[in-house]
Amino acid sequence: SLLDKLVKKYPERTWAVTQYAKLLIQIDQLDRAQEVVARHREVTTNLAEAYVLEAMVLRAQGKKVEALQLLTKADQRLPGVAAIQYNAG
């Protein structure tokens, strides 16, 4: 509940969103994870991490092809970001 409150109040905080999204994935709350990540992507300046988080949720939903396509698009938009390239690999 702490992470839920923190993410609702500060959706731009990448650390909290990352931890909360991972927790939601672990407890199979994929729809909620997708909502949290989508809101984060709207307000963050850390686009690389937002792409990685979105791909992580897609992968958890069994959408591996879509996750890879998203990371490929992210790599084209933000070339040379190690986090994107690592997760695409």
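This section reports on the structure supplied with the text. (Residues numbered from 1 in each chain as written. Predicted model: local features only at pLDDT ≥ 70, side-chain atom pairs only at ≥ 80, totals over all residues. Heavy atoms only, no water.)

**Focus on the packing of helix α1 (residues 2-9) against helix α2 (residues 14-26)**
Then, number 1: For the pair α1 and α2, the least separation of the axes is 9 Å and the interaxial angle reads 135°. In terms of axis orientation, α1 runs oblique to α2. The handedness of the crossing between α1 and α2 is left-handed. Here α1 contributes Leu3, Asp4, Leu6 and Val7 to the contact with α2, which in turn contributes Trp15, Ala16, Val17, Gln19, Tyr20 and Leu23.
Then, number 2: Class assignment of the residues belonging to the contact of α1 with α2 gives a composition of 8 nonpolar, 1 polar and 1 charged. (Axes fitted to C-alpha atoms, helices over the stretch in contact; angles between N-to-C directions. Helix = DSSP H or I, 4+ residues; strand = E, 2+ residues; numbered from the N terminus. Parallel < 35°, antiparallel > 145°, perpendicular 65-115°, else oblique. Left-handed = near helix turned anticlockwise from the far one by under 90°. Contact = heavy atoms within 4.5 Å. Nonpolar A, V, L, I, M, F, W, Y, C, P; charged D, E, K, R; others polar.)

**Concerning the side chain of threonine 18**
Then, number 1: Looking at the element boundaries, threonine 18 is found in helix α2.
Then, number 2: For threonine 18, a relative accessible area of 10% corresponds to the buried category.
Then, number 3: Side-chain polar atoms of threonine 18 contact the backbone oxygen of threonine 14, separated by 2.8 Å.
Then, number 4: Not counting chain neighbours up to four residues away, the residues in contact with threonine 18 comprise Glu49 and Leu53. (Buried < 20%, exposed > 50% of the residue type's maximum accessible area, 1.4 Å probe, protein only. Polar contact = N/O pair within 3.5 Å; in protein donor to acceptor, adjacent residues only side chain to side chain.)

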